[in-house]
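An overview of the molecular structure
Spelled out, the chains give:
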Amino acid sequence: MQDLINRAARKTPTWVFYLAAIALAASTVYGATQTPDPAKVLERDLGTRGLQILIASLCITPLRWGGINLLKFRRALGLMAFMFITLHFLTWSVLDLGLRWSVILTDLTKRPYIVIGFAAFVALIPLALTSNLWSIKRLGALRWKQLHWLVYPAVLAGALHFILIGKVYTLESATYFAAVTWLLIARLIKSRKAVLRPA
């Protein structure tokens, strides 16, 4: 099974993911327009898709530990997630609040779930901007890798934002938070073992 997946991954171009992102975004927008409250539904669905794709991008590393190499798609998934999260923020600020800056600024300072969600969004911006070979060469591999560790607190904040928005715990929110927590713990354990391993 691993060989089959790896062969399929090698044959699949990354542009397929970008095309899929556009199609998924269009489908999400269309689906929201068929509901009584399109702005609210679109805001929720775009954020959910962004979180799902971000979690999927983080799964690539532990899958690689198990012999499944999907590394070539990690950048595409990360950028897809950022696109959906950006659209989620724009839907909230433009469609929901109508760019009423006084209300936006109040929410960004007074409502914990919005503060947490916005912090996650801001943390992802430098990652999206440096998701290219030029940035790796400019920063150096080590500094670039250290910068991209921001994805872990960002996705944790995103999962917490998702829970707090609903105001009640659901199986879906618990699943996302558990997945993110497991990915964080697994990465920390792996990094610790690498440090402690004898030269």
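A quick note: this is a predicted structure, and the numbers were derived from the prediction, not measured.

**Focus: empty space enclosed by the protein**
Inspection of every chain in the model, using the stated rule, returns 1 cavity of 30 Å³ or more. If you add up the space inside the largest cavity, you get close to 40 Å³. In terms of lining, the largest cavity is formed by L58, T61, P62, W65, Y152, L183, A186 and R187.

**Looking at helix α3 (residues 38–58)**
Taking 1.5 Å as the rise per residue, α3 with 21 residues should run 30 Å; its terminal C-alpha atoms sit 30 Å apart, in good agreement. Of all 21 residues that make up α3, 15 are buried, and the element is covered over most of its length.

**Section: the nonpolar core**
For soluble globular proteins, the rule of thumb is that nonpolar side chains tend to be buried together. Of all hydrophobic cores here, the largest spans 35 residues; its most connected members are L54, I55, L124, V151 and V155. Counting only elements with at least two residues in this core, the list comes to α2 (15–33), α3, α5 (74–96), α7 (112–129), α10 (151–166) and α11 (171–196). With 8 residues, α3 is the largest single contributor of residues to this core. L124 has contacts with L54, F82, I85, V151 and A154, leaving out every residue within four places of it along the chain. W92, I104, L108 and I114 belong to the second largest nonpolar core, which has 5 residues in total.

**Focus: the packing of aromatic side chains**
Applying the stated criterion across every chain yields a total of 8 aromatic pairs. An aromatic cluster is built from F82, F89, W92, F118 and F121, whose rings are joined through pairwise contacts.

**Focus on unusual backbone geometry**
Backbone geometry places L99, a non-glycine residue, at a positive phi of 55°. On the secondary structure map, L99 appears in the loop between α5 and α6 (101–110).

**Focus on α5**
Helical periodicity: at 3.6 residues per turn, an α-helix aligns residues three or four positions apart in one direction. For α5, spanning 23 residues, the distance from its first C-alpha to its last is 31 Å, which sits close to the expected 33 Å at 1.5 Å a residue. Most pronounced at L90, the bend in α5 amounts to some 25°. For α5, the set of buried residues is A76, L77, M80, A81, F84, I85, T86, H88, T91, W92 and S93. For α5, the secondary structure elements touched by its buried residues are α2, α3, α4 (60–65), α6, α7 and α10. Backbone geometry just after α5 places G98 at a positive phi near 60°.

Calculation criteria
- Residues numbered from 1 in each chain as written.
- Predicted model: local features only at pLDDT ≥ 70, side-chain atom pairs only at ≥ 80, totals over all residues.
- Heavy atoms only, no water.
- 1 Å grid on protein atoms, 1.4 Å probe; cavity = no way out; pocket = protein on both sides within 12 Å on 5 of 7 lines; lining within 4 Å.
- Points joined across faces, edges and corners; volume = space filled by probe spheres on them.
- Helix = DSSP H or I, 4+ residues; strand = E, 2+ residues; numbered from the N terminus.
- Expected span 1.5 Å × (residues − 1).
- Buried < 20%, exposed > 50% of the residue type's maximum accessible area, 1.4 Å probe, protein only.
- Core = buried A, V, L, I, M, F, W, Y, C linked by side-chain atoms within 4.5 Å.
- Contact = heavy atoms within 4.5 Å.
- Phe/Tyr/Trp six-rings, centres within 6.5 Å; stacked < 30°, edge-to-face > 60°.
- Bend = angle between axes of the 7 residues up to and from the residue.

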